[in-house]
Amino acid sequence: MASSNIEKDFKSSSSRAFVGNYKSPALVDRFFHVLTAFCSFLIIAVIVGIIFVSLKESFPAISQFGFVKFIFSTKWDPVREIFGAGVPLFGTIVTTIIALVFSIPLSIGIAIFVTELAPQKIRGFIGGAIELLAAIPSIIYGMWGLFTLAPIMANYVEPFLQNSLGKLPIFNLLFSGTPIGIDLFTAGIILGIMIIPFSASIARDSILLTPQILKESTYALGTTHWEVIKDVILPYSKYGIFGGIVISLGRALGETMAVAFVLGNKNKLPTSLFDATTTVTVKLANEFTEADKDLYLSSLFYLVLLLFLMSFIILAISKYLIYKSKRAKI
Amino acid sequence: MKGLGYRKFKNYFFSSLCTVMTLCGLFFLAFILTDIIIHGINGVNIELFLKDPAPAGVEGGGLRNAFIGHLFITFFAVIMGVPAGILGGTFLAEYGRNSKFAKFISIFADIMVSVPAIIVGTFVYAIAVKPFGHFSGFAGSLALAIIMFPIVLRTTENMLSLIPWSLREAAFALGAPYYKVIFQVVYRGAKAGILTGVLLSLARVIGEAAPLLFTSFNNNFFSTDMKKPIASLTVTIFQYATGPYDTWHTQAWAAAFVITMTILAITITARYIIRGIEK
C-alpha cells in the first residue's frame, strides 16, 4: 500500500526532525506505541486467561470424571459428589434449537422487508427499532418472561398447541405434560426473540451488498420482485445470512439471566418441551456461589470450560462465514 | 414456467409474509416495552431512590443502596475498560495497521464481544474473588470492564480508520511525531465516534447481571466500600423478581423500568451520533 510507505518514511524522519517542547519525541512516541500495543494485547491475555483459569480450576473434575463420562452422565449429586453435564448440556442444546427455529424465519423476513420491500422512508426506522431489541438487557427479558409471557404460554399457547399439533404423532410426545409456562418451550421462545436483532442486522447488511446491477438485470428478464429476492439476493448473501444465524446461535448458547427466570433449575432430563430442566448457564448462575466443596466448584468450572469452547468455536465459524460473504465476487 | 397469475400471487404472498414477520418483531418490542412501562411506572417514586430496603416483606423502603452500588460498579468499570479499549483500538488502527498481529487481535476482539457474560463472571471469580476470600465491588467492576473492553476497542478501531490518511500526512509534514498526530489530529477528528463506542459499551454493561452474581454479589445494606460485596440494580432485580413478596416485585419492576429507559436513552443517543458521522 502506497500510503503506508509514505507513512513509514514520515514516521522515521519526523521523529528526528521534530523540535518541540519534548526533549525526545521519539522516546515518547515509542512509549505510546508500546502502551497501545500492550492494551490491544490484553484481549489475547483475557482469552488465554479464561482458558487457563477454567482448565486449572476444572482439573480435579476432569481427572475424576473424564470427558465422555462427564458430558453424557445425567447425575448431578452434590451430596455424594457425583457430577455429570448431560442434563444442562441437553437443556442448552434444546433451548437453542427452539430459539433458532423461532428466530430464523423472523429475522430473514425482517431483513428482506427492511432492505427490499419497505418504503424507503421507514426502512431506517424499522431497522433501528428491531435493533433496539438487542439493547434491552437480558434480565428484563427474563422478568417479562416470568411475569407476562409464562402465564400466557401456560393458559393459551401451550394448551392450544396440545389440542392442535399435539394430536399428531411425535408432536404428542413433544407437547405432553401439564403446561405450566416455566419450561423449555417458553425459555426457547424468549431466547428466540432476543437473538432476532443479531441475525436480522447481519442478514440485512449482507443483503445490501448484493450488486444493484445483478438485481436490475434480473428484473429486465421480467421476473417478479419475489423471484429476484429468492433467486438472486438470497443466494448472493447466503454466507452472510448464515454467519448471522451462527452468531445468534452463539448468543443463545451463553444467555443466562433470561433463561434463569423461566426454566427453574431442575437436574432431570426433560421428556417433553413443557418440562422444566436446566441449562449450563442456569446451573452456573444458581449453584456457583453455593458450591461448598472443591469437586463441586471444579465441576462447575468444567461446565464453564465446555461453554467457553463451544461458544468460541461457534463465533469463530460465524466470523469466517461473514468474512467470506464480504469477499464474495460476482 | 408457471403462469403469470401464479407468479404474481406468489410474489404477493411472500411479500406479505415478510411484512407480517416484521410486524411480529415490532410487536415483541412494543409488547416488552409497554409491559415494563405499565408495571414499572407505579413503583417509581422518590422513595425508591432515597431510601434503603425495608426488612423483607415489610412495605415501603427503596433501592438507594442498589442505585448507588450500581453507579459505583459502573464508574470503576468505565475507568478500567474505556482507556484500555481506546488505546488498544488506537494500536489496531494506527501503529499496527495492516499488520497480521493487529488483524488477529481484531478478530479475537470481535469474538470476545459475543462471549457469554457469565463466563467472564466465573473468570473474575477465580482471579479476584477466590484468592481474597470474599466478593468485592472491584471484582464486579473488573468483570464489567472486561466486557466493555472489546466493544470500545473495536469501535475505536473502526472510527479511527474513517479519518482520511491525508490529514495525518499533513501533520507528519509539519514534523509532528506520530503520537502527537494521534492526539491532535486523529482523536480530535474521531472523538464523536469514540464517544459512541463508549456509550454503546456502557449501554451493554449497565444491564448485565450474570457477571455480577459471583463478583460484586449483593448487599442488602447501603455501602460504598468497593472492597466489600455491594448491591447492584440488576442482581437486586433478579433477587426481588424471583422472591415471594409483592412489594419486592413492584420494586423490581420499577428498577427494571429505570434501567431499561436509561439504556434505551443511551443507545438512541449513540445511534443519533453515528448517523451524524455517517452523513
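All figures in this text were calculated on a predicted structure; none of them were measured in a lab.

The subject of this paragraph is the environment of Ser 206 of chain A. All names here are of chain A. With respect to the helices and strands, Ser 206 occurs in helix H8 (residues 184-208). Its 26 C-beta neighbours within 10 Å are what place Ser 206 among the buried residues. Taking C-alpha positions, Ser 206 is 25 Å from Met 310, a pair spaced 104 residues apart along the chain. Discounting residues that sit within four places of it in the chain, Ser 206 has contacts with Ser 237, Gly 240, Ile 241 and Ser 325.

The next subject is the nonpolar core. Among the nonpolar cores identified, the biggest contains 192 residues, and Met 143 and Ile 190 of chain A together with Met 148, Ile 237, Ala 255 and Ala 256 of chain B are the most heavily contacted of them. With 16 residues, the single largest contributor to this core is helix H14 (residues 294-327) of chain A. Lining this core are residues from two domains, each supplying at least three of them: domain 1 (1-41) and domain 2 (46-278) of chain B.

Residues and elements named next belong to chain B. Split into domains, chain B comes out as domain 1 (1-41) and domain 2 (46-278). Relative to domain 2, the C-alpha centre of domain 1 lies at a distance of 34 Å. Between domain 1 and domain 2, the contact holds 5 residues from the first and 5 residues from the second. A class-by-class count of the residues in the side of domain 1 that touches domain 2 yields 3 nonpolar, 2 polar and no charged.

If you look at the interface, chain B gives 77 residues, while chain A gives 78 residues. Broken down by element, the side of chain B that touches chain A gets its largest block of residues, 19 residues, from helix H1 (residues 4-41) of chain B. Split by residue class, the side of chain B that touches chain A holds 52 nonpolar, 17 polar and 8 charged.

Right, let's get into the packing of helix H11 (residues 238-254) of chain A against H14 of chain A. Helix packing geometry: the angle between the two helix axes and the distance between the axes. Residue and element names in this part refer to chain A. Put simply, H11 and H14 touch, their axes get as near as 8 Å, and they point 165 degrees apart. With respect to each other, H11 and H14 are oriented roughly antiparallel. Crossing of H11 over H14 shows left-handed handedness. Residue-level contacts link Tyr 239, Gly 240, Phe 242, Gly 243, Val 246, Ile 247, Leu 249, Gly 250, Leu 253 and Gly 254 of H11 to Leu 307, Met 310, Ser 311, Ile 314, Leu 315, Ile 317, Ser 318, Leu 321, Ile 322, Lys 324 and Ser 325 of H14.

Cut-offs applied
Each chain carries its own residue numbering, running from 1 in the direction its sequence is written. Each chain gets a letter, beginning with A, and each ligand a number, beginning with 1, in the order they are written. In view of the model being predicted, local features appear only for residues whose pLDDT reaches at least 70, and side-chain atom pairs are presented and counted only at 80 or more, with totals across whole chains, interfaces and linings using the full set of residues. Counting from the N terminus, the helices are DSSP H or I runs at least four residues long and the strands are E runs at least two residues long. Counting other C-beta atoms within 10 Å of its own, a residue is labelled buried from 20 upward, exposed at 12 or fewer, and partly exposed in the gap between, with every C-beta atom placed from the backbone. Residues are treated as contacting if the C-beta atoms built from their backbones sit within 7 Å of each other. We define a nonpolar core as a collection of buried residues of the types Ala, Val, Leu, Ile, Met, Phe, Trp, Tyr and Cys that are connected via C-beta atoms lying within 7 Å of each other. Note: domain ranges come from an automatic or database domain assignment. Polar here means any residue outside two lists: the nonpolar Ala, Val, Leu, Ile, Met, Phe, Trp, Tyr, Cys and Pro, and the charged Asp, Glu, Lys and Arg; Gly therefore counts as polar. To get an axis, fit a line to the C-alpha atoms, keeping to the stretch in contact for a helix; angles then go from 0 to 180 degrees between the N-to-C directions. Under this scheme an angle from 65 to 115 degrees is roughly perpendicular, one under 35 degrees roughly parallel, and one over 145 degrees roughly antiparallel; angles in between are oblique. Left-handed describes a crossing in which the near helix is turned anticlockwise from the far one by less than a right angle; the clockwise case is right-handed.

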